[in-house]
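The residues making up each chain are set out below.
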Amino acid sequence: MQTSKSELRQATDPTSGNSFALGFKSLDHEVSVPQLPVQGKFPPWLTGTLLRVAPCKYDLGRQTVNHWFDGLAMLHKFSFAQGYVSYANRFLHSDAFQEATKTGGFTMRGFATDPCGTLFQRVLSKFTTRWTDNSNVNVSYFARQAVALTETRMPVRFDPDTLETLGHAPILPDVKGVVTIAHPHYDRDRDCLYSYLLDFGMKSRYRLFSIDNTSGAQKVVAELKIDRPAYMHSFGMSSRYLVLVEFPLVVHPLSFIFRCQPFIRNYRWRPERGLRFHVFEKEGGRRVKTVEAESVFAFHHVNAYEKGDELIVDFVAHHDAGIIDQLYLARLRAGEPIDPGGRPMRYRIPLGASSHVRREVLSDTRMELPRIDYGRTAGRCYRTVWGAGTHRPGNFIDSIVKVNVENGQTLKWWEEDAYPGEPVFVADPNSQNEDTGVLVSVVLDARRNRSFLLVLDATSLVEVARAECPHPIPFGFHGNYYPAAANECRLPGTGAPG
Ligand code: CO
């Protein structure tokens, strides 16, 4: 682990407060800036676009949303060309946004926020409330169409040049189900995306599906009946398999009808269930294995690959699902201490007769929002994961970390009162080496009351350049880099699910 001078200063400074609350202030300011002021020099090959989406409006007028995950989505675009970078941001005009703008409140069922009203009105509305299309989690391309994603089946299409909202791109419109994820995988060999849809009911089902990247055709690949569906924010993909890992945060499907609670509050933590790994073949959809392990919770898979007679599944594990409760808006805005990081863990799933799962801690480094060199290593043996880390205990994510998953070695970038978002890896097209390239990350500089786009050397985490934004950008989740001008961004998969 590297220790910088500023790190030592921070560790001995008892006056450091939690200035991260600034990252949860609504941003209403929409701009288009042709050229941001730059310190340092971007690599000449960096000529693409970083597209991100983030919750940026929390205060709707007569209602403030309850949770970070419910802020209304805003798109952000950074386009690099000839050593310069432009910046634009624009609200995603989802139905949820339009209605919130008109009514001053939340009109759809969100993650931890429901339409406001009396208890009686809310009970009545259980039967009619629509699931939100506030797609604030990630961006992707469905058959060459840019989409913003959340965990419901109505992704929102947008123009990657103008950031104008274009309508919906429904998932599996002829199949039942409401909940999906914002972390599809791109399979380069098959040129398709994979994801899953959850159908709640007396007999709930997970349905893994694919989207053909050329035709846009969607089809169900595999199906699994389930009694108590789990909250799964992402899943694993190796070259042959798709892996659903059920964390023991589960829901009784009827709870949505009979309990008057926002989405996630219907889920219960049942550690006695442990973890359940369901392994499906991509070809044919056969379930080849279900095995169990000790309970943990995770949002984000890192990578998965086959090695001999084992399937390796890596994700960022938290001890339990308490992290969700730590991300309620009132807590965050109060700057209360928080522990947002998990640890990268490895699970070895036997593909033969055994059902014994082996578990390893890849590093004790606290991290979240993991990224890999997706274009070169997704579904394959890999060496490096980058993520947003927690350097100072109790702080929000305040550093960028790089972990070597083979030997646990860790590097860190950190600066006082700076709060980086997810570091997105951009491969140097002139190299074949796994971690050769840069990381791009939107960093909130609480001291200067604005954000900057940080570019780090991905191997050493040494700063290459930074470009100053005209305002502070609220904390977001995910985005992707597309190695061409925005109007030529038609290839998915060089970016990745976060
Ligand atoms: Co995520």
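Use the structure listed above.
Small disclaimer: the values here were computed from a predicted structure and weren't measured.

1. Re the sheet that holds strand β5 (residues 84-91)
The five strands lie next to each other as β1-β5-β4-β3-β34, forming an open sheet whose pairing is antiparallel. The sheet terminates laterally at β1 (32-33) and β34 (479-482), the two strands that pair on one side only. Where strand β3 (residues 49-57) lies against β34, four bridges are found, and the strand directions are antiparallel. Residue pairing in the sheet places T49 in a bridge with Y482 of β34.

2. Considerations on the pairing of strand β26 (residues 384-389)
Burial analysis of β26 places six of its six residues in the buried class, the great majority of the element. Bridge analysis of strand β25 (residues 367-371) against β26 gives three bridges, and the strand direction is antiparallel. In the sheet register, E368 faces β26, and the bridge partner there is A388. One ladder, built from six bridges, connects β26 with strand β27 (residues 399-404); its direction is antiparallel. In the strand pairing of β27, V385 is matched with V403.

3. Some details on the coordination of the cobalt ion
Looking at the cobalt ion, one finds its protein donor set to be H183 (NE2), H233 (NE2), H300 (NE2) and H478 (NE2), positioned 2.0 to 2.1 Å from the metal centre. Coordination at the cobalt ion is irregular: its four donor atoms span angles of 92 to 159° at the metal.

4. Here's the deal with the pairing of strand β31 (residues 437-445)
A large share of β31 lies buried, amounting to nine of its nine residues. With four bridges connecting them, strand β30 (residues 424-427) and β31 associate as antiparallel partners. Counterpart to F425 in the pairing with β31 is L439. Where β31 lies against strand β32 (residues 450-457), eight bridges are found, and the strand directions are antiparallel. Among the inter-strand pairings, V442 is bridged to a residue of β32, identified as L453.

5. Looking at the side chain of Q63
Relative to the elements of secondary structure, Q63 occurs in the loop between β3 and β4 (72-81). Among the residues examined, Q63 registers a relative accessible area of 10% and is labelled buried. Reaching out from Q63, the side chain makes a polar contact with the backbone nitrogen of F106 at a distance of 2.6 Å.

6. Some details on the sheet that holds strand β22 (residues 310-318)
As a general point, the strands of a sheet are linked pairwise by backbone hydrogen bonds and lie either parallel or antiparallel. Pairing in this open sheet of four strands is antiparallel, and the strands run β21-β22-β23-β24 from one edge to the other. In the strand order of this sheet, the two ends are held by β21 (297-307) and β24 (358-361), each with one partner. Within the sheet, the average angular offset between the axes of one strand and its neighbour, ignoring direction, is 20°. Summarising the sheet, β22 and strand β23 (residues 343-350) pair through eight bridges and their orientation is antiparallel. Bridge pairing in β23 links D314 to R346.

7. Some remarks on the pattern of salt bridges
Should their charged atoms come close, side chains of opposite charge can pair. Enumeration over the complete set of coordinates arrives at 29 salt bridges. In this structure, D59 and R333 form a salt bridge, with 2.9 Å as the shortest nitrogen-oxygen distance. Placement of D59 in the loop between β3 and β4 and of R333 in helix α6 (residues 329-333) is noted, with a sequence separation of 274 residues between them. Judged by its relative accessible area of 29%, R333 falls in the partly exposed class. In the salt-bridge network here, residues are joined through shared partners; they are D187, R190, K282 and E283.

8. Side note on the environment of R109
Examined against the element boundaries, R109 turns out to sit in the loop between α2 (95-103) and α3 (119-125). Between the C-alpha atom of R109 and that of H300, which follows or precedes it by 191 residues, the distance is 23 Å.

9. Some remarks on α2
Within α2 the residues assigned to the buried category are A96, F97 and A100. Take α2 and look down its axis: the buried residues cluster within an arc of 95°, on one side only. The secondary structure elements touched by the buried residues of α2 are β4 and β5. In the segment just after α2, G104 is the residue with positive phi, at about 75°.

10. Topic: the state of the cysteines
This structure, assessed with the given rule, holds zero disulfides. The thiol sulfur of C469 is not disulfide-bonded, and the nearest other cysteine sulfur, from C56, lies at 12 Å. Here C469 falls in the buried class, since its relative accessible area comes to 1%.

Criteria and cut-off values
Residues numbered from 1 in each chain as written. Predicted model: local features only at pLDDT ≥ 70, side-chain atom pairs only at ≥ 80, totals over all residues. Heavy atoms only, no water. Pairing = 2+ DSSP bridges. Helix = DSSP H or I, 4+ residues; strand = E, 2+ residues; numbered from the N terminus. Buried < 20%, exposed > 50% of the residue type's maximum accessible area, 1.4 Å probe, protein only. Donors = N, O, S within 2.8 Å, 3.2 Å for Na, K, Ca; no water. Tetrahedral: all angles 85-135°; square planar, octahedral: opposite > 155°, others 65-115°. Polar contact = N/O pair within 3.5 Å; in protein donor to acceptor, adjacent residues only side chain to side chain. Axes fitted to C-alpha atoms, helices over the stretch in contact; angles between N-to-C directions. Salt bridge = Lys/Arg side-chain N within 4 Å of Asp/Glu carboxyl O. Arc of directions from axis to C-beta. Contact = heavy atoms within 4.5 Å. Disulfide = S-S within 2.5 Å.

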